[in-house]
Amino acid sequence: MLNGARTKIGKKIDEITVGERIHLVETIEDKDLLIYLGLTNDNNPLYIQHEYAKDTFFKKPIVPTIMLNGIVTSAISKHLPGPGSHIREQNIIYLEPVYHYETIEFLLEVQHIDYENNIVSIQVDAMNKSHQQVLHGILKVLPPI
């Protein structure tokens, strides 16, 4: 920790408005998959073995859903509300598989603000380049105080 350095803090609840949005574009690369698989010791062949995956419903390796969830939680931590925020609850539905090297567009939008309990409800939707929705969810987030 740096002495005397002040950490940037995200938006407090009174600085957030309903309808506020953040748009992110992420491409899932091999390096990202390898880091995830190495850190978690997840050796599911569906994520990395082309020969195995071609005989499945998916036909080729898919991205672990937890990696997509990581992109969403990172957006909360970095942008909306930002540093100092904490996800209290999340409900995410993974509608379509995401494949290696796909570029995914994420849209996070503030849906509701509960000032009394310091909770912001944020909707997240993600689409692939074919305009298929791959993810939909709602997160309840505690912004920094």
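Refer to the structure presented above.
In every chain, residue numbers begin from 1 and rise along the written sequence. pLDDT decides what is reported in this predicted model: residues at 70 or higher carry local features, side-chain atom pairs at 80 or more are listed and counted, and totals for whole chains, interfaces and linings draw on all residues regardless. Hydrogen atoms and water are omitted, and side-chain values are computed over all heavy atoms in the structure.

Q: Quick question: what am I supposed to make of the overall build of the protein chain here?
A: Strands are runs of DSSP state E lasting at least two residues, helices are runs of H or I lasting at least four, and both sets are numbered from the N terminus onward. Scanning the protein chain for helices and strands turns up four helices and five strands. In the protein chain, the succession of helices and strands from N to C terminus is β-α-α-α-α-β-β-β-β. Dimensions of the protein chain, computed from C-alpha atoms along their principal axes, come out at roughly 50 × 40 × 20 Å. Within the span of the protein chain, comprising 145 residues, buried residues form 41% of the whole. Contacts are assigned to residue pairs with any non-hydrogen atoms lying within 4.5 Å of each other. Taking contacts inside the protein chain between residues at least 6 apart in sequence as the whole, the part at least 24 apart equals 67%. Carbon and sulfur atoms form 52% of the exposed surface of the protein chain, whose accessible area is close to 8900 Å². Just so you know, the count uses Lys and Arg for positive and Asp and Glu for negative, and it drops His and the chain ends. Note on charges: their place is set at NZ of Lys, CZ of Arg, CG of Asp or CD of Glu. Side-chain charges of the protein chain comprise 13 positive and 18 negative groups, with the mean position of each set lying 4 Å from the other. Any residue under 20% of the maximum accessible area for its type is buried, any over 50% is exposed, and the rest in between are partly exposed; the area is computed with a 1.4 Å probe on protein chains only. A 1.4 Å probe and the Shrake-Rupley method give the accessible areas. Residues count as covered only by the protein chains that appear here.

Q: What exactly am I supposed to notice about the nonpolar core here?
A: Nonpolar side chains tend toward joint burial in soluble globular proteins. Here the nonpolar core consists of buried residues drawn from Ala, Val, Leu, Ile, Met, Phe, Trp, Tyr and Cys, with membership extended through side-chain atoms lying within 4.5 Å. Among the nonpolar cores identified, the biggest contains 37 residues, and Ile28, Phe106, Leu108, Ile122 and Leu135 are the most heavily contacted of them. Mapped by element, the contributors of at least two residues to this core are strand S1 (21-27), helix H1 (30-40), helix H2 (45-48), helix H4 (65-78), strand S2 (86-94), strand S3 (103-114), strand S4 (119-128) and strand S5 (133-142). Ranked by residue count, the leading element in this core is H4, at six residues. Contact partners of Phe106, with chain neighbours within four places excluded, come to Ile22, His23, Leu24, Glu26, Leu68, Ile71, Val72, Asp125, Ala126 and Leu135.

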